Each structure stands twice: as structure tokens, then as C-alpha cells.
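# Descriptive structure summary
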Amino acid sequence: MASKTKRSFLNDTQGQIEEDERTLEIMRRPRIKERYVVVKFDRRKNDGKFSYGYFDLVLVALDALSGGSGIYKPSNQMCALQWNSRRSDLLRVLRYFARNNAQVRFRRALVLPFPIPPIGHRIDTDIHMW
């Protein structure tokens, strides 16, 4: 994915946030405390348009808007990010982006609390800045 394409997608993402009042309201909520959530997702079967890279870009943008410093990728198809609102709000925002962008239209998604420091075996705990 070229940097110009990434930049264009991020600009589109920003415009979509600004256009939807409910999403904008969620993103403007004051920060409560630093907490992380993990997002697990599956793409639709035989979906040639879905892009894991674009889905990660959406999560990076949402993490940045929440004051985070990057996303964790502890295992395949799982990303952890800082989120300062309810988990149901994050799912609502992700569904909004999925409706408007074929590249991130997922089949299923799960949002769970993420322990800091991470607890597990052979997990990737490095922060990846995309």
C-alpha cells in the first residue's frame, strides 16, 4: 500500500468522522483514563476488497484520536489500541466505517478489554506505528 494511498484513505476517514454526528460525538468525549481494548475481526468469506492494512489504518487513526501512541498486534487478526469510551462505542464506530468502506467491511468483530501489561505466551508486545 503506497503512502499516497494511505494518506488518501486517512483523509477520507477523517472526513467520514466529521460527516457523521454520532461518530463525531463519540470521538469528542473527554478522556476518562488510559485503557486498552483488543479488537478481533474476521473478513467476509471470499471478499477480495477487504484489506487488513486498511483495517489497521482505521485502528491506528482511532487510537491516535484517543491519545494513544500506536497499536499492539499481539497475534494474527488481533489489534489492541487505546480507547477512551465504551467498547460498544468502538464497535459502533467500526460498523460505521465498514458500511462506508469496502476495504474494512468485516464479517465479525469482537472488542474486549486488553490487560496492560499484556499477559500471554509468545505474544508480540511491541508497539507498531503504522
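Residues numbered from 1 in each chain as written. Predicted model: local features only at pLDDT ≥ 70, side-chain atom pairs only at ≥ 80, totals over all residues. Heavy atoms only, no water.

### Observations regarding the pattern of salt bridges
As a reminder, the rule being used: Any carboxyl oxygen of Asp or Glu that lies within 4 Å of a side-chain nitrogen of Lys or Arg is treated as forming a salt bridge with it. Strands are runs of DSSP state E lasting at least 2 residues, helices are runs of H or I lasting at least 4, and numbering of each runs from the N terminus. Only protein chains enter the area calculation, which uses a 1.4 Å probe; residues under 20% of their type maximum are buried, those over 50% are exposed, and those in between are partly exposed.
Counted by the stated rule, this structure contains five salt bridges. Here Asp 42 makes a salt bridge to Arg 108, at a shortest N to O gap of 3.9 Å. Here Asp 42, found in strand β1 (residues 36-43), pairs with Arg 108, found in strand β4 (residues 106-114); they are 66 residues apart in sequence, far enough to count as distant. Overall, the relative accessible area of 25% leaves Asp 42 in the partly exposed class.

### Digging into the confidence of the model for the protein
Convention followed: Residue-level confidence of the predictor is what pLDDT reports, using numbers from 0 through 100.
On average, residues of the protein score 84 in pLDDT, and 92% of them are at 70 or above. In the model of the protein, strand β5 (residues 127-128) stands out as the element of lowest mean pLDDT, 47, in contrast to helix α4 (residues 87-100), which has the highest, 93.

### Let's talk about the packing of aromatic side chains
The following threshold applies: Side-chain rings of Phe, Tyr and Trp (the six-membered ring for Trp) are treated as a pair once their centres are within 6.5 Å; stacked means planes under 30 degrees apart, edge-to-face means over 60, and tilted covers the remaining angles.
Taken as a whole, this structure holds 10 aromatic pairs when the rule is applied. Members of the aromatic cluster, each reached through a chain of ring pairs, are Phe 41, Phe 50, Tyr 52, Phe 55 and Phe 106.

### With respect to the nonpolar core
Here is a general trend for soluble globular proteins: nonpolar side chains tend to be buried in one another's company. Counted only if it meets this: The definition of a nonpolar core used throughout is a set of buried Ala, Val, Leu, Ile, Met, Phe, Trp, Tyr and Cys residues joined through side-chain atoms within 4.5 Å. Note on contacts: a residue pair is in contact if any heavy atoms of the two residues lie within 4.5 Å.
In terms of nonpolar packing, the biggest core is built from 29 residues, with Val 39, Phe 55, Leu 62, Leu 90 and Leu 94 touching the most fellow members. The set of elements that each furnish at least two residues to this core consists of α1 (3-19), α2 (21-28), β1, α3 (52-65), β3 (78-82), α4 and β4. In terms of residues, this core owes the most to one element, α3, which gives seven residues. Not counting residues up to four positions away in its chain, the partners in contact with Leu 62 are Met 27, Leu 81, Gln 82, Trp 83, Leu 90, Val 93, Leu 94 and Phe 97.

### Here's the deal with the packing of α1 against α3
To keep things clear, this is the line we draw: To obtain each axis, a line is fitted to C-alpha atoms, and for helices this fit is confined to the stretch in contact; angles are then taken between N-to-C directions over 0 to 180 degrees. Roughly parallel refers to an angle under 35 degrees, roughly antiparallel to one over 145, roughly perpendicular to one between 65 and 115, and oblique to any angle outside these ranges. In this scheme the crossing of two helices becomes right-handed for a clockwise turn of the near helix relative to the far one and left-handed for an anticlockwise turn of less than a right angle.
Two elements in contact, α1 and α3, have axes separated by 10 Å at closest approach and are oriented at 55°. Comparing the axis directions of α1 and α3 gives the class oblique. Our pair here, α1 against α3, has a crossing hand that is right-handed. The residues of α3 that touch α1, namely those facing Thr 5, Lys 6, Phe 9, Leu 10 and Ile 17, are Tyr 54, Leu 57, Val 58, Ala 61 and Leu 65.

### Overview of the pairing of strand β2 (residues 71-75)
Put simply, the test is: At least two bridges found by DSSP between two strands are what make those strands a pair.
Here β2 runs beside β3; their pairing, made up of two bridges, is antiparallel. Bridge pairing links Tyr 72 to Ala 80 in β3. Linking β2 to β3, which pair antiparallel, is a turn of two residues; within it Gln 77 sits at a positive phi near 55°.

### Notes on unusual backbone geometry
Positive phi values are uncommon outside glycine, yet Asn 46 reaches one of about 55°. Here Asn 46 falls in the exposed class, since its relative accessible area comes to 74%.

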